[in-house]
Amino acid sequence: MSEKVYSTSELMSCVMARHLKNGEVAVMGAVSMIPMAACRMAQLTHAPNLYYITGGSGAVNPYLEPMVPSSCDDELLRSDAALALPDVILLEGHGKRLDVFFGGGLQIDKYGNCNLICIGDWEKPALRGPGTVGLPFLPRAGRVVIYTMSHNAKTLIEKVDFNSGPGFLDGPESWSTKAKDLPGKGPALVVTPLCVMDFDEETKVMRLKSLHPGVTLEQVVENTGFQLVIPDEIPVTQEPTSIELEYLRKVDSAGIVRNM
Amino acid sequence: MERTSKVISISEAIQRFVGDTCASLAIGGMHMHNNPMALIREVIRQQKKIKRLITSPSGSINADLLIGSGLVSEVLTSYVGLEHLGLAPNFRRGVEKKTINLLECDEPFLVYGLQAGAGGLPFIPYPAGLELTDIPRVNPELYRYTTDPYTGKQVMTAAPIKPEVALIHCQEADPFGNAIFKGSEFTDRQMIFAADTVILQVEKVVPNLAEKYGSTKVNVPGFLVSAVVEAPFGCHPTSSHGYYTYDEGHLKGYLKACKDTESYSEYFKQYVTGIAEENYSQQIGAEQLEKLRQGGGVK
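None of the values given here were measured: they were computed from a predicted structure. (Residues numbered from 1 in each chain as written. Chains lettered and ligands numbered in written order. Predicted model: local features only at pLDDT ≥ 70, side-chain atom pairs only at ≥ 80, totals over all residues. Heavy atoms only, no water.)

Here we look at the packing of helix α3 (residues 85-94) of chain A against helix α5 (residues 107-119) of chain B
Working step 1: Where α3 of chain A contacts α5 of chain B, the axes come no closer than 10 Å and their chain directions differ by 120°. Our classification of the angle between α3 of chain A and α5 of chain B gives oblique. Considering only the axes of α3 of chain A and α5 of chain B, their crossing is left-handed. On the side of α3 of chain A, the interface is formed by Leu85, Pro86, Ile89 and Glu92 of chain A, while α5 of chain B contributes Glu107, Pro108, Val111 and Tyr112 of chain B.
Working step 2: Taken together, the residues of the contact of α3 of chain A with α5 of chain B break down into six nonpolar, no polar and two charged. (Axes fitted to C-alpha atoms, helices over the stretch in contact; angles between N-to-C directions. Helix = DSSP H or I, 4+ residues; strand = E, 2+ residues; numbered from the N terminus. Parallel < 35°, antiparallel > 145°, perpendicular 65-115°, else oblique. Left-handed = near helix turned anticlockwise from the far one by under 90°. Contact = heavy atoms within 4.5 Å. Nonpolar A, V, L, I, M, F, W, Y, C, P; charged D, E, K, R; others polar.)

This is the structure:
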């Protein structure tokens with residue numbers, strides 16, 4: 001393997017950017033440096049008409065350069081427009097305004113449900129998490145892109161201890177009964193430091209989509225706490241192109257994403 | 001007859017407008033931004049007990065410091081944390097060890113609830129799909145269901161939130177309490193509109209505020225505000241949008257201090273109980289504050 005000229009978090013940012021289509025509207029919450037950089041980079045490359053909203057700040061299309069870590073920073077208000085937070089909640093509730101919602105959790109399960117509340121029983125948590133903020137809106141967002149920096153068997157698990165960001169619930173049956181009239185299409189993509197995953201159309205179980213350069217299938221299987229759907233052909237995640245890297249680093253001149 | 005100024009000292013504001021046992025206290029700011037820290041530190045100095053603490057959709061050191069002071073019985077929140085810097089230690093400990101009662105909710109509960117409280121609405125119904133989390137199950141008292149009279153379907157509702165007192169930071173106000181947010185408003189305006197009593201902490205009292213910015217920018221009317229407290233750098237260690245950035249080093253130091261009781265009480269003495277709020281800036285140092293003002297804290 002040749003020496004990498006990019007970091008894993010930069011690769012994750014590129015994967016997310018490629019997933020975003022020109023003309024879409026995306027939203028994200030706290031600790032969203034990777035999605036923020038992905039959105040801005042997508043605008044500068046293939047998706048100039050993408051809109052993105054950085055959660056609590058209410059900023060619409062922050063110019064970002066140079067990017068900052070906090071989702072509510074006033075630096076983000078160097079942007080096309082700025083909304084009051086209750087307006088962002090209107091957009092999240094509407095059902096047709098947002099195409100992509102970035103989410104994550106302390107735990108993420110095989111059906112793409114996320115948990116930001118607690119590990120263990122809610123009454124007697126082994127670990128109390130920060131809380132769920134806006135993740136309950138996931139079933140009303142076009143599609144959900146999930147990401148985590150910890151791809152291990154404790155984070156990617158069979159079933160979340162507490163569902164605070166609904167994915168495909170308990171699988172195809174509960175999804176088709178409970179979510180049939182909802183606007184959201186459910187989780188679409190999962191990006192981790194090891195690989196990219198999507199979801200099997202029939203079983204709604206997370207499926208390996210591509211392995212990052214240098215990562216083995218065994219590594220992913222070992223670090224995943226449930227049985228992933230493994231397709232016959234597993235491509236390698238496309239490395240960042242020189243153009244992608246150039247724009248990403250223009251956005252992230254301080255190396256906040258690069259050094260995550 | 002002269003118009004009455006609402007500008008008073010910080011100690012008087014907390015003495016007069018926060019009861020010794022406050023039924024519900026809303027605190028403004030979101031993540032490490034616009035937290036009314038000067039007012040919060042003074043609440044701790046005066047040992048006001050808080051039955052229910054209400055945060056914005058993302059509470060930070062504002063809630064964590066109060067919880068750490070032992071004055072809070074229960075907290076209504078959808079998040080308390082320090083964003084990219086880590087979990088909130090006192091909140092985490094309080095919930096894990098059950099020294100505080102947690103009213104778990106999500107972001108829309110706070111936004112809808114404050115809107116309902118502000119407008120006298122009995123409740124606000126949720127859009128469908130948000131009942132799919134486990135939250136309503138663990139907070140049945142506040143998440144209730146009713147029938148949508150238009151469709152006959154069951155809908156989840158958010159209860160109205162009417163804080164007894166709200167502590168809010170605005171960048172500038174005139175002496176009568178008319179005020180502006182120079183950056184994001186978060187849910188601070190909703191808190192002002194929903195609360196019975198509002199204490200405003202500002203960077204600067206500006207006599208002709210509407211003249212300076214135009215009245216359309218001044219969207220907090222003075223009659224909702226009980227007291228205006230001038231507290232330059234009063235959001236430290238959090239940011240004040242348009243004025244200064246947050247103090248990442250101090251916040252990290254706080255997280256470290258929270259690791260054991262001794263260092264925490266040392267922090268408390270140094271920055272809260274051992275000093276008057278008027279001396280807080282000195283404790284941080286003019287040079288450091290100037291650096292934050294130039295946005296130098298994190299960049």
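So, the pattern of salt bridges
Pairing is possible between side chains that carry opposite charge, provided their charged atoms lie close to one another.
Working step 1: In total, this model carries 27 salt bridges over all chains according to the counting rule given.
Working step 2: Here Asp170 of chain A and Lys159 of chain A are joined by a salt bridge, their closest N and O atoms 3.1 Å apart. You can see Asp170 of chain A sitting in the loop between β11 (156-157) and α4 (172-178) and its partner Lys159 of chain A sitting in the loop between β11 and α4, a full 11 residues away along the chain.
Working step 3: A relative accessible area of 47% places Asp170 of chain A in the partly exposed class.
Working step 4: The exposure class of Lys159 of chain A is exposed, given its relative accessible area of 53%.
Working step 5: Among the salt bridges present, the one from Asp20 of chain B reaches Lys48 of chain B, with a minimum N-O distance of 3.2 Å. Of this pair, Asp20 of chain B sits in the loop between α1 (10-17) and β1 (21-27) while Lys48 of chain B sits in the loop between α2 (37-45) and β2 (49-54); the two residues are 28 residues apart in sequence, bridging distant segments of the chain.
Working step 6: A relative accessible area of 59% places Asp20 of chain B in the exposed class.
Working step 7: Since its relative accessible area comes to 4%, Lys48 of chain B is described here as buried. (Salt bridge = Lys/Arg side-chain N within 4 Å of Asp/Glu carboxyl O. Buried < 20%, exposed > 50% of the residue type's maximum accessible area, 1.4 Å probe, protein only.)

Observations regarding the sheet that holds β11 of chain A
All names here are of chain A.
Working step 1: Here three strands make up an open sheet; going across it, the order is β7-β6-β11 and the pairing mixed. Strands with a single pairing partner mark the edges of an open sheet, and in this sheet they are β7 (114-115) and β11.
Working step 2: Where strand β6 (residues 107-109) meets β7, two bridges bridge the pair, whose relative direction is antiparallel. Across the sheet, the residue bridging to Gln107 is Asn115, located in β7. (Pairing = 2+ DSSP bridges.)

Thoughts on the domain arrangement of chain B
Residue and element names in this part refer to chain B.
Working step 1: Domains assigned within chain B are domain 1 (10-106 + 161-295) and domain 2 (124-159).
Working step 2: A straight line from the C-alpha centre of domain 1 to that of domain 2 covers 31 Å.
Working step 3: Contacts between the two partners involve six residues from domain 1, matched on the other side by eight residues from domain 2.
Working step 4: Between domain 1 and domain 2 lies a buried interface of about 550 Å² when both sides are counted; carbon and sulfur atoms form 52% of it.
Working step 5: Connecting domain 1 to domain 2 are zero salt bridges.
Working step 6: On the surface where domain 1 and domain 2 come into contact, there are three residue pairs in polar contact (both at pLDDT 80 or more).
Working step 7: Looking at the side of domain 1 that touches domain 2 residue by residue, the classes come out as four nonpolar, no polar and two charged. (Domains from an automatic or database assignment. Buried area = accessible area lost by both parts, 1.4 Å probe. Polar contact = N/O pair within 3.5 Å; in protein donor to acceptor, adjacent residues only side chain to side chain.)

What to know about the side chain of Thr132 of chain A
Working step 1: Mapped onto the elements of the fold, Thr132 of chain A is located in the loop between β9 (125-128) and β10 (143-147).
Working step 2: Judged by its relative accessible area of 1%, Thr132 of chain A falls in the buried class.

What about the pairing of strand β7 (residues 154-158) of chain B?
All names here are of chain B.
Working step 1: Extensive coverage of β7 is indicated by the burial of four of its five residues.
Working step 2: Two elements, strand β5 (residues 124-125) and β7, share two bridges in a ladder whose sense is antiparallel. Counted as the bridge partner of Pro125 is Thr157 from β7.
Working step 3: Where strand β6 (residues 143-147) meets β7, five bridges bridge the pair, whose relative direction is antiparallel. Paired with Thr146 across the two strands is Val155, which belongs to β7.

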